[in-house]
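Residue-level listing of the chains:
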Amino acid sequence: MPSKQDNKLKLLWLQGVTCNGNTHSFLNLQNIEQLLNKFEILYIPAFSTNYTIDKIVKCSLDCDILIFEGAYDPFMKRAGVNLKELLFHYMKDSKQIIALGSCASFGGVFKESAPDRITGLLFNENTLTTTFLDYKDKIINLSGCPIHPEWLAYVLNMLLKNINIELDDLYRPIELYSTLAHHGCTRNEYFEWKIDAKKFGLKEGCLFYKQGCRAPMTHSSCNKILWNDESSKTRVGTPCFGCTEPDFPRDNLFQTKTNMSIPQDIPVGVPKRSYLTMAGIAKTFHIKRLEGKLIDYKTDS
Amino acid sequence: MITKQILENIEGEASVHFKIKDGLVDFSTISFPHFRGIETILEGKNILDALVITPRVCGICGHAHLMATTRAIEDAYKNMGVDFSLSDKSKKIREFTLIMETIQNHFKWLYMVMMPEIAKLTTNEIPYKPLKGAFASSIASKAIAVFGGQWPHSSYMIPGGITCDPTNIDIIKAQSYVEELIEFFQKESLGIELEKFLSMQTCKEFNELDSDISILERALISADMQNKGFAYDRFLIMGEHNFTKASKVNHTRVFSVDSKYISVVNSYSPREITYAKNALYKDDYYETGSLARMMSISFPMVRNIHRRYKDSAYSRVMARVFEIGYLLNHSLKLLDNISISEDSIISLPDVKNLTSTGIGIVEAPRGPLIHKVEVEQGIIKNYTIITPTQFNIGSSTPTKLTPVQLSMKATTQKEALFIFRTFDVCSVCTTH
């Protein structure tokens, strides 16, 4: 009689060129144990699992779900075996492949060390690559540097429930990437009235105009599904660096590129003329509440 | 006989080549096979971009990299003659989030590495609960996110201070996460109150406990780890913080240090390609990390353990357990005295005018993390990173062994693999 274990989806986690950031982000998931118990875990690099890497690289097993973390380097080996060979073997029979993080999705930070060679699993920035193209219908990109643990939990739960995951043009789940990092930002009122942050380290002001914030141009749910159940970059005064997009990391991350004091890149889908008109009008108003400090501590606490 | 062992469940991948003689390790070499080239990636970029790139060196201690970058840029400003001092608030908050990352690291190491690995050396029953460590770590990460927005890969420390401007609501939230962690540590790990644990005088007191920590302690003794795993009994602490003392410790004597004496040499790894380099201080190898830090401040129980068991694997492991408790206590004190109305940031001259060199040194979970920058008009000319694992887990010739090579000598291969992990290996940092 088949055991319960036999009915579970078999999950395998392999790594390319990585910092392990997605692993550590996923380990923050509050119900990680319950979630992982629903799968037969063949191998996760962070802790002891059913098989060792020596066994995994023998390519005698197969998996249902393959998670690939890190950028793809065709020269790379895992435990002495070519990564390409490993990936082809496990991709062949898998039901779903998750490119985890921006390095696996588009190349990310580590692409920059060898731009001619290192790519994402299916994309080189925003261009489809050919190596694993035959498996494109199985691949889901979960971009982000790192991914939010709930994003991976969402995909794994959808696979458990056997519900189709709709993807955008960059193979990312639309339920996670249809919104912008800007959605839910606590500084939105300053954005509406075009009031910029005078410097870093303030509660007040929008970081889009001077400090390089990419939130209005970045598809993610960072201000909707908060990080560590707690906060987000923009909520603590750090600009969004656009880490879920294929062009991450851009240059001059703490500075907004402007033309005649107008940000060069404007919010996704907004016609430039409309934006300029709206911004021009908003700037003519002076709203005292938004120009001063939110809290003026009378006494030192 | 030469055997090769690939190490898993560490940060990244490493392999150890053992030369076995009469059943014991006669010599070993270590290789780190994966290179990522962060230093090259940084060249030509705006120096502020390093605040985003260097945390991506490492998923488990990226926050320490962020602080090292921030300190290196601030040092470059100072070397150019810009005089400034950080607000007390920003210094305390930086210190707090750094400590939380170390606690996050230690909990994972304890439950995901140490407990399962010691089980291989003893017949004692060891519970296998790796994700218990992840749960504790996730609470520490929440405390970081209160100020840093997220963990991993926050970039909230910037030259001159921090990007956040917290309210008392945030401070109280962070305090409550630390209290939750203390509660977890007492109930799930120690089996006694934190205060009682920190005032322990002798190892005998572990006998009265029935908890994860006492199980670990008994297993270490049963595996004879108090008599194995010795390195040079000299320690190095380089980062300036208020929870430790930048110093070198020879046995128990504490001396001052200067970063100019740090050097790196190529690794000796004849059997496999390695991308790691060994780090030395005044041409000698030193052990870094929790045991070093706890020795530098003469933490009573760690000094007692050291008096009895020197720098054995036992001492190395238990020093880390005590450091968790010590840092939890310390972090609460940090949050107790924050002046909320102070500035979060001191404005510095435009980075475009920065032409200088600087060094940033931080005590990361595994020891001194060193970033050196050379900047010309705000652009990175050169960036050098030296990581703690390069001090502990270098690979050298038999005439001058590194701490890890010495500590594995004359043990069985099985014991050696455990001892290797007592240093807490970070391969991804090492081959940055």
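From a predicted model like this one, the values you see are computed outputs, not experimental measurements.

## Let's talk about the overall build of chain B
Moving on, step 1. Counting its regular elements, chain B contains 15 helices and 13 strands.
Moving on, step 2. On C-alpha atoms alone, chain B measures out to a radius of gyration of 21 Å, which is about the 22 Å that the 2.2 N^0.38 rule sets for 432 residues.
Moving on, step 3. With respect to the three principal axes, the spread of C-alpha positions in chain B is 65 × 50 × 35 Å.
Moving on, step 4. Scored against the burial criterion, the 432 residues of chain B give a buried share of 60%.
Moving on, step 5. In chain B, 72% of the contacts between residues at least 6 apart in sequence involve partners at least 24 apart.

## Here's the deal with the overall build of chain A
Moving on, step 1. Helix and strand counts for chain A stand at 12 helices and 11 strands.
Moving on, step 2. Structurally, chain A occupies a C-alpha span of about 75 × 45 × 35 Å along its principal axes.
Moving on, step 3. Among the 301 residues that make up chain A, the fraction classed as buried is 48%.
Moving on, step 4. Residue pairs in contact within chain A that sit at least 24 positions apart in sequence constitute 69% of those at least 6 positions apart.

## With respect to the sheet that holds strand 11 (residues 356-364) of chain B
All names here are of chain B.
Moving on, step 1. The sheet built from three strands is open, its strands ordered 11-12-13 with antiparallel pairing. In this open sheet, the two edge strands, each paired with only one partner strand, are strand 11 and strand 13 (379-386). Each adjacent strand pair in this sheet contributes to an overall mean axis angle of 15°, direction not counted.
Moving on, step 2. Summarising the sheet, strand 11 and strand 12 (residues 367-376) pair through nine bridges and their orientation is antiparallel.

## Comments concerning the packing of helix 5 (residues 130-148) of chain B against helix 6 (residues 168-190) of chain B
All names here are of chain B.
Moving on, step 1. Where helix 5 contacts helix 6, the two axes come as close as 8 Å, and the packing angle between them is 165°. When the axes of helix 5 and helix 6 are compared, the pair comes out roughly antiparallel. Here helix 5 runs over helix 6; the crossing is left-handed. Mapping the contact onto sequence places Lys132, Ala136, Ile139, Ala140, Lys142, Ala143, Val146 and Phe147 in helix 5 and Asp170, Lys173, Ala174, Tyr177, Val178, Glu180, Leu181, Phe184 and Glu188 in helix 6.

## Focus: the pairing of strand 3 (residues 24-31) of chain B
All names here are of chain B.
Moving on, step 1. Both strand 2 (residues 12-21) and strand 3 contribute to a ladder of seven bridges, which runs antiparallel. Note that in strand 3 the partner of Ser15 across the bridge is Ser31.
Moving on, step 2. Count of turn residues in the strand 2/strand 3 antiparallel hairpin: two residues, of which Asp22 carries a positive phi of about 50°.

## Focus on the nonpolar core
Moving on, step 1. Counting 220 residues, the largest nonpolar core has Phe68 and Ala99 of chain A together with Ile118 and Leu181 of chain B as its most contacted members.
Moving on, step 2. Element by element, the count of residues in this core is highest for helix 4 (residues 88-118) of chain B, at 15 residues.
Moving on, step 3. Sequence-distant contacts of Ala99 of chain A, defined by excluding residues within four places in its chain, comprise Phe68, Ala104, Ser105, Gly120, Leu121, Leu122, Ile139, Ile140, Asn141 and Leu142 of chain A.

## Re the sheet that holds strand 6 (residues 96-100) of chain A
Residue and element names in this part refer to chain A.
Moving on, step 1. Spatially, five strands are ordered 2-1-3-6-9 in an open sheet, and the strand pairing comes out parallel. Either end of the sheet is taken by a strand with one partner, and the two such strands are strand 2 (39-43) and strand 9 (139-142). When the angles between neighbouring strand axes are averaged without regard to direction, this sheet yields 20°.
Moving on, step 2. Taken together, the four bridges between strand 6 and strand 9 define a ladder with parallel strand orientation. Paired with Ala99 across the strands is Asn141, a residue of strand 9.
Moving on, step 3. Strands in contact with helix 8 (residues 149-161) are strand 1 (9-15), strand 3 (65-69), strand 6 and strand 9; relative to strand 9, the strand with the most contacts, it is inclined by about 155°.

## Structural notes on the interface of chain A and chain B
Moving on, step 1. Taken together, the contacts link 52 residues of chain A with 57 residues of chain B.
Moving on, step 2. Elements with a minimum of two residues in the side of chain A that touches chain B: helix 2 (21-26), helix 3 (32-37), helix 4 (53-56) and helix 7 (108-111) of chain A.
Moving on, step 3. With four residues, helix 2 of chain A is the single largest residue contributor to the side of chain A that touches chain B.
Moving on, step 4. The residue makeup of the side of chain A that touches chain B, split by class, is 23 nonpolar, 18 polar and 11 charged.

## Re the domain arrangement of chain A
All names here are of chain A.
Moving on, step 1. Assigned domains of chain A: these are domain 1 (4-176) and domain 2 (179-288).
Moving on, step 2. The centre of domain 1, based on its C-alpha atoms, is set 31 Å off from the matching centre of domain 2.
Moving on, step 3. Taken together, the contacts link 15 residues of domain 1 with 11 residues of domain 2.
Moving on, step 4. Secondary-structure elements contributing two or more residues to the side of domain 1 that touches domain 2 are helix 6 (101-106) and helix 7.

## What to know about helix 4 of chain B
Moving on, step 1. Its 31 residues give helix 4 of chain B an end-to-end C-alpha distance of 42 Å, which sits within 8% of 45 Å, the value for a rise of 1.5 Å per residue.
Moving on, step 2. In terms of residue burial, helix 4 of chain B counts as a mostly covered element, since 26 of its 31 residues are buried.

## Examining unusual backbone geometry
Moving on, step 1. Note the cis peptide between Cys145 of chain A and Pro146 of chain A, where omega equals 5°.
Moving on, step 2. Assignment of secondary structure puts Pro146 of chain A in the loop between strand 9 and helix 8.
Moving on, step 3. Note the cis peptide between Trp151 of chain B and Pro152 of chain B, where omega equals 5°.
Moving on, step 4. For Pro152 of chain B, the position within the fold is in the loop between helix 5 and strand 4 (157-158).
Moving on, step 5. A positive phi angle is found at Asn228 of chain A, which is not glycine, with a value near 50°.
Moving on, step 6. Structurally, Asn228 of chain A can be placed in the loop between helix 10 (188-192) and strand 10 (258-259).
Moving on, step 7. Its identity as a non-glycine residue notwithstanding, Asp224 of chain B has a phi of 65°, on the positive side.
Moving on, step 8. With respect to the helices and strands, the residue Asp224 of chain B is situated in the loop between helix 8 (212-222) and strand 6 (234-237).
Moving on, step 9. Judged by C-beta crowding, with 16 C-beta atoms within 10 Å, Asp224 of chain B ranks as partly exposed.

Scoring rules and cut-offs
- Residues numbered from 1 in each chain as written.
- Chains lettered and ligands numbered in written order.
- Predicted model: local features only at pLDDT ≥ 70, side-chain atom pairs only at ≥ 80, totals over all residues.
- Helix = DSSP H or I, 4+ residues; strand = E, 2+ residues; numbered from the N terminus.
- Rg over C-alpha atoms; globule rule 2.2 N^0.38 Å.
- Buried ≥ 20, exposed ≤ 12 C-beta atoms within 10 Å, placed from the backbone.
- Contact = placed C-beta atoms within 7 Å.
- Pairing = 2+ DSSP bridges.
- Axes fitted to C-alpha atoms, helices over the stretch in contact; angles between N-to-C directions.
- Parallel < 35°, antiparallel > 145°, perpendicular 65-115°, else oblique.
- Left-handed = near helix turned anticlockwise from the far one by under 90°.
- Core = buried A, V, L, I, M, F, W, Y, C linked by C-beta atoms within 7 Å.
- Nonpolar A, V, L, I, M, F, W, Y, C, P; charged D, E, K, R; others polar.
- Domains from an automatic or database assignment.
- Expected span 1.5 Å × (residues − 1).

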